[in-house]
Every structure is written in structure tokens, then in C-alpha cells.
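Residue-level structural notes
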Amino acid sequence: IGVRLVGSEMCIRDRVTELQNTITDGDAAEIKKAAHTFKGVLLNLGFNSCGALCKKIEEAALAGDTSEVIRLNRQLDEDIAKIYPALDKYVAELD
């Protein structure tokens, strides 16, 4: 599991950027796709609450609820920001 977590921060950052870009573009189908992919990454790493937020973003995109997508994404950003220090600490302990 250590090896998987070492590259996880970059993968998470890439997925955050991808989701942000799709939200900016406003294409509901692409938002749903990006949120779905990000959800899988987060759930595979054990970040279940963040994965659940991605599921809600998927659902809001499917419903065409842009304001809810934006609100949920802000919440996701706040929660994701809490993950980075934990990942950094874990990686440092591996060295």
C-alpha cells in the first residue's frame, strides 16, 4: 500500500484539476465523468467521505443542478485539502 500512496497526492491533484476544468466548462456529462473517475481514485485509497462527495457531484451533474455541483465541489476542495498533510506525513515516514 505504501507504493500506491506515494504517487497518490499527484493523482489526486490531477483529478482535482480535471474536475475543476470540467465544472468551468459547464458540460454536465463531462462533470459526471470526471467526478466518477475521481470517486474511484478516492475510494480505492480509502478516502470514503471524499468519494461520497464525488458521487453527489455526479448526481447533481446528472440532474443539471449547476449550483449544487459548485457547492459540493467547494466542500470537496476543503476536504481534499485535509488529505494532503496526511499523505505528506505518510510518505515522509517511508523515507
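Keep in mind that this is a model prediction, so the values were computed, not measured.

1. Regarding the nonpolar core
Grouped together as the largest cluster of nonpolar side chains are 25 residues, with contacts concentrated most on Ile-12, Leu-19, Phe-38, Leu-42, Leu-76 and Ile-80. Secondary-structure elements contributing two or more residues to this core are α2 (8–25), α3 (28–44), α4 (48–63) and α5 (66–94). Looking at which element gives the most residues to this core, the answer is α5, with 7 residues. When near neighbours in sequence (up to four residues on either side) are disregarded, Leu-76 contacts Leu-19, Phe-38, Cys-50, Leu-53, Cys-54 and Ile-57.

2. Concerning the pattern of salt bridges
All told, the structure shown has 6 salt bridges when counted by the stated rule. A salt bridge links Lys-39 to Glu-58; its shortest N-O distance comes to 2.9 Å. In this pair, Lys-39 sits in helix α3 while Glu-58 sits in helix α4, placing the two residues 19 residues apart along the sequence. Comparing Lys-39 with Glu-58, the two get one shared label, buried.

3. Some remarks on α3
Under the 1.5 Å per step criterion, the end-to-end length of α3 is 24 Å for 17 residues, consistent within 8% with the ideal 24 Å. Listed as buried for α3 are Ile-31, Ala-34, Ala-35, Phe-38, Lys-39, Val-41 and Leu-42. Each buried residue of α3 sits inside an arc of 165° when the element is viewed along its axis, so together they form one side. In α3, the exposed positions that point more than 90 degrees away from the buried face belong to Ala-29, Lys-33 and Asn-44. Among the residues of α3, the N-terminal cap falls to Asp-27, whose side-chain oxygen and the backbone nitrogen of Ala-29 are separated by 3.0 Å.

So, how was this worked out
Residues numbered from 1 in each chain as written. Predicted model: local features only at pLDDT ≥ 70, side-chain atom pairs only at ≥ 80, totals over all residues. Heavy atoms only, no water. Core = buried A, V, L, I, M, F, W, Y, C linked by side-chain atoms within 4.5 Å. Buried < 20%, exposed > 50% of the residue type's maximum accessible area, 1.4 Å probe, protein only. Helix = DSSP H or I, 4+ residues; strand = E, 2+ residues; numbered from the N terminus. Contact = heavy atoms within 4.5 Å. Salt bridge = Lys/Arg side-chain N within 4 Å of Asp/Glu carboxyl O. Expected span 1.5 Å × (residues − 1). Arc of directions from axis to C-beta. Polar contact = N/O pair within 3.5 Å; in protein donor to acceptor, adjacent residues only side chain to side chain.

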